[in-house]
Amino acid sequence: MTDIPAPAPAAEFWEARYRDTDRVWSGRPNELLVREASDLTPGTALDLGCGEGADAVWLASRGWRVTGVDISGTALERAAGHADEAGVGNRVAWERHELGRSFPEGSFDLVSAHYLQSPVALDQRAVLDAAARAVAGGGSLLVVMHAGWPSWQTEPPFDAVFPTLDGVLAELALPDGGWTVETSRTVRRPSVSPDGLEGFREDNVWRLRRA
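This text gives an overview of the structure that appears in the document.

Cut-offs applied
- Residues numbered from 1 in each chain as written.
- Predicted model: local features only at pLDDT ≥ 70, side-chain atom pairs only at ≥ 80, totals over all residues.
- Heavy atoms only, no water.
- Helix = DSSP H or I, 4+ residues; strand = E, 2+ residues; numbered from the N terminus.
- Buried < 20%, exposed > 50% of the residue type's maximum accessible area, 1.4 Å probe, protein only.
- Areas by Shrake-Rupley, 256 points an atom, 1.4 Å probe, with all protein chains shown as cover.
- Lys, Arg positive; Asp, Glu negative; His and termini not counted.
- Charge placed at Lys NZ, Arg CZ, Asp CG, Glu CD.
- Pairing = 2+ DSSP bridges.
- Expected span 1.5 Å × (residues − 1).
- Contact = heavy atoms within 4.5 Å.
- Polar contact = N/O pair within 3.5 Å; in protein donor to acceptor, adjacent residues only side chain to side chain.
- Right-handed = clockwise from strand over helix to strand, strands pointing away.
- Phe/Tyr/Trp six-rings, centres within 6.5 Å; stacked < 30°, edge-to-face > 60°.
- Lys NZ or Arg CZ within 6 Å of the ring centre and 35° of its normal.

**What about the overall build of the chain?**
Move 1: The helix and strand tally for the chain stands at 6 helices and 8 strands.
Move 2: Ordered by position in the sequence, the α and β elements of the chain form the string β-α-α-β-α-β-α-β-β-α-β-α-β-β.
Move 3: Across its three principal directions, the C-alpha atoms of the chain cover 45 × 40 × 30 Å.
Move 4: In the chain, which comprises 211 residues, the share counted as buried stands at 45%.
Move 5: Of the roughly 10700 Å² of accessible surface on the chain, 47% is carried by carbon and sulfur atoms.
Move 6: Here the chain contributes 20 positive and 31 negative side-chain charges, whose respective centroids are spaced 4 Å apart.

Okay, here's the thing in structure tokens:
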């Protein structure tokens, strides 16, 4: 595992988030990854903000060779354990990066960025620019972001600007003829509050293919 030290405070925030609980995420792959990537031909994949590794493990189980990236060493240790338990540890490499400050080398047939939205500093535009540059010819860029707070969230926990479908495409400023937009849509899914209040949350999904 490549270990690139990440400066505070983002590293401290996310390390504490993982260190202070046995598990942060469900261990299941993101449903929008499954929906958008199931029909893609396996090759090399880059999972940005991989957390505890569920997406990377799912991709590896389908034949991809995956590089999983996160800012938290604790998250990466759990991800590696998950991959080993699933029998795909030899198909995943783990790298620690603070995205926006450092980025994996190489090009990939799929670059997946799910929910790169943070209450601490994150240069989201720089990360997406780097993600697009890392897509190999004929490869895909898959980006999923929350489009707003859950319907039951009456008091947002912090200030946030949520991306729009057209806004992200404009910010990427991809060259004409160089990319095909295959998915650009808003998806509504069920969401339940910590107190059990049922509602929904909307996510924006972009999948683009490089020429």
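**Topic: unusual backbone geometry**
Move 1: Unlike most non-glycine residues, Tyr115 shows phi in positive territory, near 60 degrees.
Move 2: The residue Tyr115 is located in the loop between strand 5 (108–114) and helix 5 (124–133) in this model.
Move 3: Its relative accessible area of 21% is what places Tyr115 among the partly exposed residues.
Move 4: Located in the positive-phi region is Ala173, a residue other than glycine, with phi close to 50 degrees.
Move 5: As for its placement among the helices and strands, Ala173 is situated in the loop between helix 6 (165–172) and strand 7 (179–192).

**Concerning the pairing of strand 7**
Move 1: As paired elements, strand 7 and strand 8 (residues 198–210) share 13 bridges and run antiparallel to each other. Across the sheet, the residue bridging to Ser184 is Trp206, located in strand 8.
Move 2: Adjacent in sequence and paired antiparallel, strand 7 and strand 8 are bridged by 5 residues, among which Gly196 carries a positive phi angle near 90 degrees.

**Re helix 4 (residues 73–85)**
Move 1: For helix 4, spanning 13 residues, the distance from its first C-alpha to its last is 18 Å, which sits close to the expected 18 Å at 1.5 Å a residue.
Move 2: Among all positions of helix 4, only Gly73, Thr74, Ala75, Leu76, Ala79 and Ala83 are buried.
Move 3: On its buried face, helix 4 sits against helix 1 (10–19), helix 3 (54–61), strand 3 (65–70) and strand 4 (92–96).
Move 4: Two or three places before Thr74, at the opening of helix 4, Ser72 has a side-chain oxygen 3.3 Å from that residue's backbone nitrogen.

**Side note on the pairing of strand 3**
Move 1: Burial analysis of strand 3 places 5 of its 6 residues in the buried class, which makes it a mostly covered element.
Move 2: With 5 bridges joining them, strand 2 (residues 44–48) and strand 3 adopt parallel strand pairing. Each bridged residue has a counterpart across the sheet, and for Thr44 the counterpart in strand 3 is Arg65.
Move 3: In this view, the connection linking strand 2 to its parallel neighbour strand 3 by way of helix 3 has right-handed handedness.
Move 4: Two elements, strand 3 and strand 4, share 5 bridges in a ladder whose sense is parallel. Looking at the pairing, Val66 lines up with Val92 of strand 4.
Move 5: The parallel pair strand 3 and strand 4, bridged by helix 4, forms a crossover whose chirality is right-handed.

**Side note on the packing of aromatic side chains**
Move 1: Per the stated rule, a full pass over the model turns up 2 aromatic pairs.
Move 2: Ring centres of Phe13 and Trp14 lie 5.0 Å apart, and the angle between their planes is 90 degrees; on these two criteria the pair is classed as edge-to-face.
Move 3: A relative accessible area of 30% places Phe13 in the partly exposed class.
Move 4: An angle of 85 degrees between the planes, with centres 5.3 Å apart, marks the rings of Trp149 and Phe162 as edge-to-face. In this pair, Trp149 sits in the loop between strand 6 (135–146) and helix 6 while Phe162 sits in the loop between strand 6 and helix 6, placing the two residues 13 residues apart along the sequence.
Move 5: Since its relative accessible area comes to 25%, Trp149 is described here as partly exposed.
Move 6: Over the ring of Phe200 we find Arg188; its NZ or CZ atom is 3.7 Å from the centre of that ring.

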